[in-house]
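# Structural characterization, general
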Amino acid sequence: MASMDVESLFTNVPVDDTIEIICKQVYHTDGKKLAITEETLRILLRTCTKEAAFYGPDGKMYVQSDGVAMGFPLGVLFANFYMGVVEEKVFAENPDKKPAVYARYIDDIFINANTEEEVLHLIDNFKKNSCFNYTQELEEESKLPFFDVMVHRSSSSFSTVINAFVKRALTHSSSWNAAHADFKRNSQLLSNNGYPQQDIDEVIRRRMDNYIRENPPKQQTSYITLYYKNTMSSAYKEDEKAIKIIHNNVSPVNTDTKLQVIIYYKTRKTASLIMKNSCLPPTHSLQEVNVVYRHSCTVGDCSHLNSRYIGFTSTTLSKTIRAHLQDGAIRRHYMNEHGLILKRHHMESSTTILAKENDLRRLKMTEAVHIHSEKPTINIQQQPESSLPSQPQPNGAATGRSLAAPNTTRSAL
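Quick caveat, the model's predicted, so the values are computed rather than measured. The residue count restarts for each chain, going from 1 along the sequence in the order it is written. Local features in this predicted model are restricted to residues of pLDDT 70 or higher, and side-chain atom pairs are both shown and tallied only at a pLDDT of 80 or more, whereas totals for entire chains, interfaces and linings draw on every residue. In computing side-chain properties, one takes all heavy atoms of the structure into account and sets aside hydrogens as well as water.

## Topic: the overall build of the chain
What counts, and what does not: We count a stretch as a helix when DSSP gives it H or I for four or more residues in a row; a strand needs E for two or more, and each element gets its number in order from the N terminus. Relative accessible area decides the class of each residue, using a 1.4 Å probe on protein chains only: under 20% of the type maximum gives buried, over 50% gives exposed, and in between gives partly exposed. The criterion used for residue contact is that any of the two residues' heavy atoms lie within 4.5 Å. Residue exposure ignores everything except the shown protein chains as possible cover, and the areas themselves are Shrake-Rupley values with a 1.4 Å probe.
On a plain count of helices and strands, the chain comes out with 16 helices and 14 strands. Every one of the 413 residues in the chain was classed for burial, and the buried ones make up 31%. Intrachain contacts of the chain at a sequence separation of at least 6 include 65% that bridge at least 24 residues. As presented, the chain carries roughly 26900 Å² of accessible surface, and 53% of it is formed by carbon and sulfur atoms.

## Here's the deal with the pattern of salt bridges
Defined as follows: Just to be clear on terms, a salt bridge is a Lys or Arg side-chain nitrogen sitting within 4 Å of an Asp or Glu carboxyl oxygen.
Counted under the stated rule, the structure contains 15 salt bridges. Residue Glu202 pairs with Arg206 through a salt bridge whose shortest N-O separation is 3.9 Å. One end of the pair, Glu202, and the other, Arg206, are both in helix H8 (residues 197-214), 4 residues apart, so they sit about a helical turn from each other. On the basis of relative accessibility, which here comes to 35%, the residue Glu202 falls in the partly exposed class. Arg294 is the salt-bridge partner of Glu374, the closest N and O atoms lying 3.0 Å from each other. One end of the pair, Glu374, is in helix H15 (residues 360-374); the other, Arg294, is in strand E11 (residues 291-296), with 80 residues separating them in the sequence.

## Quick notes on the sheet that holds strand E6 (residues 134-138)
Strand pairing in a sheet is mediated by backbone hydrogen bonds. Such pairs are either parallel or antiparallel. Spelled out, the test is: In this description, strands pair whenever DSSP reports at least two bridges between them. Axis definition: a line fitted to C-alpha atoms, limited for helices to the stretch in contact. Angles are taken between N-to-C directions and run from 0 to 180 degrees.
The 4 strands lie next to each other as E4-E5-E1-E6, forming an open sheet whose pairing is antiparallel. In the strand order of this sheet, the two ends are held by strand E4 (101-105) and E6, each with one partner. Strand-to-strand, the axes of this sheet are offset by a mean angle of 20°, without reference to chain direction. Looking at chain direction, strand E1 (residues 2-6) and strand E5 (residues 108-112) are connected through 4 bridges and run antiparallel. Opposite Ser3, over in E5, you have Phe110 as the bridge partner. Docked against the sheet, helix H4 (residues 75-93) engages E1, E4, E5 and E6, running at close to 160° with respect to E4. Relative to the sheet, helix H5 (residues 116-128) contacts E1, E4, E5 and E6, its axis offset from that of E6 by approximately 165°.

## Side note on the packing of helix H2 (residues 15-27) against helix H3 (residues 38-49)
Selection criterion: Crossing handedness: left-handed means the near helix sits turned counterclockwise from the far one by under a right angle, and right-handed means the same turn made clockwise.
Two elements in contact, H2 and H3, have axes separated by 10 Å at closest approach and are oriented at 145°. Helix-helix and strand crossings are classified by hand; for H2 and H3 the assignment is right-handed. The segment H2 lies against H3, with Val15, Asp16, Ile19, Glu20, Ile22, Cys23 and Tyr27 engaging Glu38, Leu41, Arg42, Leu45, Arg46 and Thr49.

## A closer look at the side chain of Thr18
Relative to the assigned elements, Thr18 resides in helix H2. Ignoring any residue separated from it by four or fewer positions in sequence, one finds Thr18 in contact with Val13, Phe78, Phe81 and Tyr82.

## So, H4
Heads up, the condition is: One fewer than the residue count of a helix, multiplied by 1.5 Å, yields its expected span.
Here H4 contains 19 residues, and its C-alpha end-to-end distance of 28 Å stays within 8% of the 27 Å for a straight helix at 1.5 Å per residue. Listed as buried for H4 are Gly75, Phe78, Ala79, Tyr82, Met83, Gly84, Val86, Glu87, Val90 and Phe91.

## Remarks on the environment of Ile321
Residue position: Ile321 is located in helix H12 (residues 317-326). Sequence separation between Ile321 and Glu348 is 27 residues, and the spatial gap between their C-alpha atoms is 7.8 Å. With residues up to four places along the chain from it excluded, the contact list for Ile321 reads Leu286, Arg344, Met347 and Glu348.

## Quick look at the confidence of the model for the chain
Rules: A residue's pLDDT is simply how confident the predictor is in it, with values from 0 to 100.
Summing up the model confidence of the chain, the mean pLDDT is 80 and the portion of residues at 70 or higher is 85%. Under a pLDDT of 50 for its full length, residues 383-413 has, in the predicted model, 52 contacts with residues more than four places off or in other chains.

## A short note on the nonpolar core
Under the convention used in this document: The set of buried Ala, Val, Leu, Ile, Met, Phe, Trp, Tyr and Cys residues whose side-chain atoms join them within 4.5 Å is what this entry labels a nonpolar core.
Phe126 and Tyr134 are the most contacted members of the largest nonpolar core, which has 34 residues in total. Within the residue set of this core, elements represented by two or more residues are E1, helix H1 (9-12), H2, H3, H4, E5 and H5. Excluding its chain neighbours within four sequence positions, the residues that come into contact with Phe126 are Met4, Met83, Val86, Glu87, Val90, Phe91, Tyr102 and Tyr134. Of all hydrophobic cores here, the second largest spans 14 residues; its members include Tyr293, Cys302, Leu342 and Ile378.

## Describing helix H7 (residues 176-192)
With 17 residues, H7 should cover 24 Å at 1.5 Å per step; its first-to-last C-alpha distance of 24 Å lies within 8% of that length. The first or second residue beyond H7 is Gly194, which carries a positive phi of 95°.

Structure follows, in structure tokens:
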């Protein structure tokens, strides 16, 4: 085995000779003729090659008098036409010297000759019938690199060609069905090009055995997927840790099945945009959540005093008012100061929202800032005395501050 390479094929192609070769092939053979005249084709080919101007590195304009540039659209066409004529001349003069295997791709040639002398004689004939120089590389230990493939020669065939097709099918197919279809297509292709079917089947079988041995099939695992919708915040990691309790305490009945928890987040920014663009009527203040609110007592002299209560709630304001009606600082204020039972209309008419914060930590801080600046008396009168839990309290003294709305609302200390 040997390989031949044409040195600088594109830049050394004789343009005038190749144009005549193309015109002769198109207009003086039995093939289909073009709709233009031979002279018109000759002028067009010459205009696109020898008269095509380009700018040089110095900024001046040049034309290439002979040869074609690398990457030129007509470069491959000219090279193949010229090399085809050279091959016809060489093998016509020495038909008995034609190698058993001769394959060319543009300027790279693969041949299978019996001796090194036959290879050198073939190169001399190519040089005599063309204007090119050629380099050659002979096999070593029955191996020859060609087009980034190592070709191995055996007594009956070139196994590497088959191996390359089979390996590509195994490594580049996304499924076994695709690999099987590739095997069938490549097997037919190789068989059409003279490779023995027995050799093709043997290489496929051996390659398949090696591949399965090195890549054992993975056991299929079925999953039960649980989705959890969460709102992105600075405490998202704590939320994810809390969700892990499912993994630790829940397991599928089927031991071959695994539990998969997927958390997906919705940012507050996106939610706000959706709310702004919503065509629905605005939310009533009593249905607002995560708010800091203020209740002002307007009964009797309290209307002229700072008789206020400030708190926050993470539920709807309506639920918080319901909790105040049952117990808390506001209810006791109405009972002790005015002898009235707190009614819902008292709360709804005199309660306003001061701020809204979706982050619970910021919500608590906002409530504390408003209490500090406004000093509402209903909050202050419930302020507990500073004492240790074990310290005895005087009779009638408050041991703590009752929550205005159990579980949902509280006053900042």
